[in-house]
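Understanding the architecture of this molecule
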Amino acid sequence: MPYFNTFVTTNWDRYFENICKAKPFDYDSDLRFWELPSRRVLKIHGTIDDYSSIVATREDYTKCAKRLQTSLIGGKLKEILSTKTCIFIGYSMKDDDFREIFQFVKEAQGQFRKSHYIVSPFIYKKLPFDDLIPIKTDGTFFLKTIKDHMCNSFDFLPDSVFALAQEELFSPIPQMEPHIDDMMA
């Protein structure tokens, strides 16, 4: 689904790097490459590739909340929340540091803030933010439904077309018999 090109995660793993082919942005210094043409994942709680970056303890969360208030990574998160419609899939929104940033953007933009959605099969309690638009379903089903809709409305090609194209591109070129005119030249 190439139209999803920016991800934000609190997870440390390499899921978005491996499955979605996204470039990780873990540190402020990484952001100088943000505009390169590729998928990107903003990792606000560190990465398994650098144990010292991992946010795991209460003390780590406190430091992370302060860092997100003043860092470029925190600024990028604020920019995303204030300029993009976000879809939260598989995210409980229980991280205090993320909630502080989300609340800050919400208050700063007031009635002109962007709409955001939360996709979860477990939307039966009060949502952490009253203006989140709930979509009560499984994240995989939600994404498949979007992809199917895009394919059916001809906005996006189905995977089968890409498989055929790949097959054509990588199939051996048949040998042609020389034409009589080619031999006389």
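For the structure, see preceding data.
Here is what the cut-offs are and how they apply
Along each chain, numbering runs from 1 in the same order as the chain's sequence is written. Local features are withheld for residues below a pLDDT of 70 in this predicted model, meaning they are given only at 70 or higher, and side-chain atom pairs are given and counted only at 80 or more; totals for whole chains, interfaces and linings count all residues. Based on all heavy atoms of the structure, the side-chain values leave hydrogens and waters out of the count. Numbering of helices and strands runs from the N terminus, with a helix taken as a DSSP run of H or I at least four residues long and a strand as a DSSP run of E at least two residues long. Radius of gyration: C-alpha atoms only; globule rule: 2.2 Å multiplied by the number of residues to the exponent 0.38. The accessible surface values rely on the Shrake-Rupley method and a 1.4 Å probe; as for residues, cover is taken only from the protein chains in view. We score Asp and Glu as negative and Lys and Arg as positive, and we do not count His or the chain ends. Charge positions come from single atoms, namely NZ of Lys, CZ of Arg, CG of Asp or CD of Glu. For helices, the fitted axis covers only the stretch in contact; all axes are lines through C-alpha atoms, and the angles between them, taken along N-to-C directions, range from 0 to 180 degrees. Between 65 and 115 degrees an angle is taken as roughly perpendicular, under 35 as roughly parallel, over 145 as roughly antiparallel, and anywhere else as oblique. Two residues form a contact once any of their heavy atoms are found within 4.5 Å. We call Asp, Glu, Lys and Arg charged. Ala, Val, Leu, Ile, Met, Phe, Trp, Tyr, Cys and Pro are nonpolar, and the rest, Gly among them, are polar. Every helix has an expected span of 1.5 Å times one less than the residues it contains. Partly exposed describes any residue whose relative accessible area lies between the buried limit of under 20% and the exposed limit of over 50%, with all areas from a 1.4 Å probe on protein chains only and scaled to the type maximum. For two strands to count as paired, DSSP must find a minimum of two bridges between them. A cavity here means a set of points on a 1 Å grid, drawn over the protein atoms and nothing else, where a 1.4 Å probe fits but cannot get out; a pocket is an open set with protein on both sides within 12 Å along at least five of seven lines, and a residue lines either one if it has an atom within 4 Å of a point. Grid points are joined across faces, edges and corners, and a volume is the space filled by probe spheres set on the points.

**A short note on the overall build of the chain**
If you tally the helices and strands in the chain, you get 7 helices and 6 strands. In the chain, the succession of α and β elements from N to C terminus is β-α-β-β-α-α-β-α-β-β-α-α-α. The C-alpha atoms of the chain give 22 Å as radius of gyration, which overshoots the globular expectation for 185 residues (16 Å, by more than 25%). Here the chain has roughly 12,800 Å² of accessible surface; of this, 58% comes from carbon and sulfur atoms. Taking the 24 positively charged and 27 negatively charged side chains of the chain as two groups, their mean positions are separated by 10 Å.

**Re the packing of helix H2 (residues 58-70) against helix H3 (residues 72-83)**
Taken N-terminus to C-terminus, the directions of H2 and H3 make an angle of 70°; their axes are 5 Å apart at the nearest point. Classified by the interaxial angle, the pair formed by H2 and H3 is roughly perpendicular. For the pair formed by H2 and H3, the contact residues are Leu-68, Gln-69 and Thr-70 on the first element and Leu-72, Ile-73, Gly-74, Gly-75 and Lys-78 on the second. A class-by-class count of the residues in the contact of H2 with H3 yields 3 nonpolar, 4 polar and 1 charged.

**Description of H2**
Over its 13 residues, H2 runs 19 Å from end to end, which matches the ideal 18 Å to within 8%, given 1.5 Å per residue. At its buried positions, H2 is contacted by H3 and helix H4 (96-109).

**Examining unusual backbone geometry**
A positive phi angle is found at Lys-21, which is not glycine, with a value near 55°. With respect to the secondary-structure elements, Lys-21 resides in the loop between helix H1 (15-18) and strand S2 (22-25). Residue classification places Lys-21 among the exposed positions, given a relative accessible area of 59%.

**Observations concerning the sheet that holds strand S5 (residues 116-119)**
The 3 strands are arranged S4-S5-S6 in an open sheet whose pairing can be described as parallel. Since the sheet does not close on itself, it has two edges, and those belong to strand S4 (86-89) and strand S6 (133-135), each with one partner. Neighbour-to-neighbour, the strand axes of the sheet open up by a mean angle of 25°, direction not taken into account. In the packing of helix H5 (residues 139-152) onto the sheet, the strands contacted are S4, S5 and S6, and the crossing angle to S4 comes to about 140°.

**Observations concerning the pairing of S5**
In this structure, S4 lies alongside S5, joined through 4 bridges in parallel fashion. Looking at the pairing, Cys-86 lines up with His-116 of S5. Here 3 bridges tie S5 to S6, and the two strands are oriented parallel to one another. In the sheet register, Ile-118 faces S6, and the bridge partner there is Pro-134.

**A short note on the layout of surface pockets**
Estimates place the volume of the largest pocket at around 1,400 Å³. Looking at the largest pocket, it is lined by 44 residues, and the ones nearest its centre are Thr-6, Phe-7, Phe-16, Ile-87 and Ile-89. Mapped by element, the contributors of at least two residues to the lining of the largest pocket are strand S1 (6-9), H1, strand S3 (39-43), H3, S4 and H5. A total of 6 residues in the lining of the largest pocket trace back to one element, the largest contributor, which is H3. Along the lines of polarity and charge, the residues of the lining of the largest pocket split into 23 nonpolar, 12 polar and 9 charged.

**Regarding the sheet that holds S2**
A sheet is described by the order of its strands in space; here 3 strands give the open sequence S1-S3-S2, paired in parallel fashion. Strands at the two margins of the open sheet, each flanked by one partner only, are S1 and S2. Across this sheet, the average inter-strand angle for adjacent strands is 25°, counted without regard to direction. One ladder, built from 4 bridges, connects S2 with S3; its direction is parallel. From the neighbouring strand, Pro-24 faces S3, where its bridge partner is Val-41. With respect to the sheet, H3 is in contact with S1, S2 and S3, its orientation differing from that of S3 by roughly 120°.

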